[in-house]
Amino acid sequence: MSEVKKIATRESYGNALAECGAEYENLVVLDADLASATKTGIFKKAFPDRHIDCGIAECNMVGIAAGLATTGKIPFVSTFAMFAAGRAFEQIRNSVAYPRLNVKIGATHAGISVGEDGATHQCNEDIALMRAIPGMVVISPADDVEARAAVRAAIEYEGPVYLRFGRLAVPVINDNPDYQFEIGRGITLREGQDITIISTGLCVSESLKAAELLEADGIQAKVINIHTIKPLDEELVVAAAKETGKIVTVEEHSVIGGLGSAVCDALCAKYPAPVLKIGINDVFGESGPAAELIKKYGLDGQSIYEKVRAFVKGK
Amino acid sequence: MNVLELKKTANEIRKGIIEAVHSAKSGHPGGSLSAADIFTYLYFEEMNIDPSKPDDPDRDRFVLSKGHVTPGYYSTLAHRGYFPVEDLKTFRHVGSYLQGHPDRKHIPGVDMSSGSLGQGISAAVGMALSAKMSGRSYRTYTLLGDGEIQEGQVWEASMFAGHRKLDNLVVIVDNNGLQIDGNIAEVCSPYPIDKKFEAFNFHVIHTDAHDFEQIAAAFAEARQTKGMPTAIIAKSVKGKGVSFMENQASWHGSAPNDEQYAIAMEDLRKVGEALCQK
Ligand SMILES: Cc1ncc(C[n+]2csc(CCOP(=O)(O)OP(=O)(O)O)c2C)c(N)n1
């Protein structure tokens, strides 16, 4: 097998910010003492005057970003997902979303793939928290190509956006000339009639692996990459349910409130269908190498394959 | 405006406060009345603003960090000409743009939504920072409650403002001594307030919140201060101007009934009459 290129989406994030810096003069980046980890340090190197380190004070950072946005700046605030969506939830809701300010939240280190730092740093609840806020756009890119496109789309979009990036290097799967990113538009990566796997973030490449294993068993799986969890591409989800009947969702996030819930919300209103939600099953994470944790929590290609196969066979 | 005119204006603003909360049968008169003179000075003297151009990029900014005192804020904006004084009667009514807490999306003159205590100051810091980054000369003002400063975010914001030497920022603490559960010194004392701001590299000024000469001197001193933000600690009386509301924590967030409304308006009418004799 040829070596697949792997890049962490946090790295893509930092690179994209630096790439966009010259083009968008109003782009400013805020961090809370994690610039080397969130990779906003890459932007800082290129545009030191437009990088604002707020120190370890995430709530204040979000508020400062709100103030900056009222004056026409386009602020990206960065910290780990835990401290953005978690610690500063209320600031995001009341100081950014309610006033509908043009603030982008670039949250890195989402999910269990944080690895060794363990449960306190592994945020599996951020999608649930963010998608509950009126008017918030929630984006969870699958790879480097998508993450960079998402940053650009977020800059172009007027209003609050939550972007979810990962720490772990993940395979580049969207490196093709036809790739197009549009907020709210899901991407069908593989056609199939027997089952649909809807996935987001690093689980997309694992779902593609699972689809290959399923194929060997004679099961044709459609694979959809949902990079925008809100607004959800309901049309695509409903069409898939009509085509394949059953749906499986896969995410590096709690099964409560994330992609799986968003898909169920859409289906129960428009086209009720059986859904299997694969994700973190209402537990905290733990320390360990990211790849091992992904296996342990059942988010690797093999585990997804086994669960989907059983689901297709009606077990 | 001279001091007499400022006093008359503040008295009209106080009447608007009573009108608004009476009409809404809810709202926060105590902290609105304690801040009425500060509001008056800011909007009729200190700030560089034009009600016909509420989005002017060079206007001075104001953030009501203690967002619950919308009766005082809205009454000031209305009397300054941002919207009709008549509309104060729609305060907190279903469908009115005069929401219970400031809403920047719908209210002319409101630079930032607020209401969750401790958050407004951060937005004000962001506005002041933006001016520094873009070389704009506008100034940013924010009003905090003395109970509000129990919030940790206030000190995160202060540390940042001091660190960044934001001398275009003025933080005003309405030091009326009361919060919902009683005396701030008894609930969870934030004192000494001045030493705290000093420790965060602010220039600190004390003033009587109801003496326009002192208020004017305080803001002038803030303007002169370079290389650090200013905190003005304004000693005030909660409920100021309405006899039965003064220094009563119970009037923090309750509205007068018809009888109390009549007494309050009579109190203010008398003050107005006395000012006209001068
Ligand atoms: C974060 C937050 N916690 C609680 C409240 C409820 N609350 C509204 S006003 C208030 C007391 C404020 O006291 P102070 O800051 O002294 O204001 P003032 O006396 O000037 O009205 C409280 C606790 C709130 N609005 N926000």
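Residues numbered from 1 in each chain as written. Chains lettered and ligands numbered in written order. Predicted model: local features only at pLDDT ≥ 70, side-chain atom pairs only at ≥ 80, totals over all residues. Heavy atoms only, no water.

## Describing the packing of helix H4 (residues 120-134) of chain B against helix H5 (residues 152-163) of chain B
Each packed pair of helices is defined by two parameters, the angle between the axes and the distance between the axes. Residues and elements named next belong to chain B. Here H4 crosses H5 at 15 degrees, and the two axes come no closer than 9 Å. In terms of orientation, H4 and H5 fall into the roughly parallel class. The two elements H4 and H5 meet at a crossing, and its hand is left-handed. On the side of H4, the interface is formed by Ile121, Ser122, Val125 and Leu129, while H5 contributes Gln153, Val154, Ala157, Ser158, Phe160 and Ala161. Its residues assigned to classes, the contact of H4 with H5 shows 7 nonpolar, 3 polar and no charged. (Axes fitted to C-alpha atoms, helices over the stretch in contact; angles between N-to-C directions. Helix = DSSP H or I, 4+ residues; strand = E, 2+ residues; numbered from the N terminus. Parallel < 35°, antiparallel > 145°, perpendicular 65-115°, else oblique. Left-handed = near helix turned anticlockwise from the far one by under 90°. Contact = heavy atoms within 4.5 Å. Nonpolar A, V, L, I, M, F, W, Y, C, P; charged D, E, K, R; others polar.)

## Comments concerning the nonpolar core
If you look at the biggest cluster of nonpolar residues, it comprises 76 residues, and the most contacted ones within it are Leu30 and Tyr162 of chain A together with Val125 and Phe197 of chain B. The residues touching Tyr162 of chain A, leaving out its near neighbours within four places in the chain, are Ala81, Ala85, Ile105, Ala107, Asp126, Met130, Met136, Val137, Val138 and Ile139 of chain A. If you look at the next biggest cluster of nonpolar residues, it comprises 53 residues, including Leu42, Ala78, Ala234 and Ala264 of chain B. (Core = buried A, V, L, I, M, F, W, Y, C linked by side-chain atoms within 4.5 Å. Buried < 20%, exposed > 50% of the residue type's maximum accessible area, 1.4 Å probe, protein only.)

## Describing the sheet that holds strand E2 (residues 27-31) of chain A
All names here are of chain A. If you trace the 7 strands from one edge of the open sheet to the other, you get E3-E2-E4-E5-E7-E6-E12, paired in mixed fashion. The outermost strands of the open sheet, each flanked by one partner alone, are strand E3 (51-53) and strand E12 (228-230). When the angles between neighbouring strand axes are averaged without regard to direction, this sheet yields 20 degrees. Bridge analysis of strand E6 (residues 137-139) against strand E7 (residues 161-164) gives 3 bridges, and the strand direction is parallel. (Pairing = 2+ DSSP bridges.)

## Concerning the pairing of strand E14 (residues 275-280) of chain A
All names here are of chain A. One ladder, built from 5 bridges, connects strand E13 (residues 247-254) with E14; its direction is parallel. When the sheet's bridge partners are listed, Val250 is paired in E14 with Ile278. Handedness of the E13-helix H11 (residues 259-270)-E14 crossover: right-handed. (Right-handed = clockwise from strand over helix to strand, strands pointing away.)

## Looking at the packing of aromatic side chains
The description of an aromatic ring pair rests on the distance of the ring centres and on the angle between the ring planes. Residues and elements named next belong to chain B. Going through the model one piece at a time under the given rule, you end up with 20 aromatic pairs over all chains. Arranged with centres 5.6 Å apart and planes meeting at 15 degrees, the rings of Tyr41 and Phe219 form a pair that is stacked. Of this pair, Tyr41 sits in helix H2 (residues 29-46) while Phe219 sits in helix H8 (residues 212-224), and the two are 178 residues apart along the sequence. Phe219 matches Tyr41 in its accessibility class, with the two residues each being buried. Aromatic side chains Tyr73 and Tyr74 sit 6.2 Å apart centroid to centroid with 25 degrees between the ring planes, which places their arrangement in the stacked category. (Phe/Tyr/Trp six-rings, centres within 6.5 Å; stacked < 30°, edge-to-face > 60°.)

## A few points about the interface of chain A and chain B
Taken together, the 27 residues of chain A in the interface contact 26 residues of chain B. Summing both sides of the interface, chain A and chain B together bury roughly 2000 Å²; the carbon and sulfur share of this comes to 55%. If you sort the residues of chain A by the area they bury against chain B, Asn60, Thr70 and Tyr98 of chain A come out on top, with a joint share of 26%. Counting across the chain A and chain B interface gives 0 salt bridges. Across the chain A-chain B interface, the total number found is 13 residue pairs in polar contact (both at pLDDT 80 or more). Listing elements by their share of the side of chain A that touches chain B, those giving two or more residues are E3, helix H4 (58-70) and helix H6 (89-97) of chain A. With 9 residues, H4 of chain A is the single largest residue contributor to the side of chain A that touches chain B. (Buried area = accessible area lost by both parts, 1.4 Å probe. Salt bridge = Lys/Arg side-chain N within 4 Å of Asp/Glu carboxyl O. Polar contact = N/O pair within 3.5 Å; in protein donor to acceptor, adjacent residues only side chain to side chain.)

## Side note on unusual backbone geometry
Geometrically, the link from Lys230 of chain A to Pro231 of chain A is a cis peptide bond, its omega value of -5 degrees lying close to zero. When you line up the elements, Pro231 of chain A lands in the loop between E12 and helix H10 (234-244). With omega at -5 degrees, the peptide bond leading from Tyr191 of chain B into Pro192 of chain B counts as cis. Of note, Lys165 of chain B is a non-glycine position whose phi angle comes to about 55 degrees, a positive value. By the secondary structure assignment, Lys165 of chain B is in the loop between H5 and strand E3 (169-175). According to the relative accessible area criterion, Lys165 of chain B is partly exposed, its value standing at 49%. Although it is not a glycine, Asn247 of chain B adopts a positive phi angle of roughly 60 degrees. Mapped onto the elements of the fold, Asn247 of chain B is located in the loop between strand E7 (230-235) and helix H9 (258-277).

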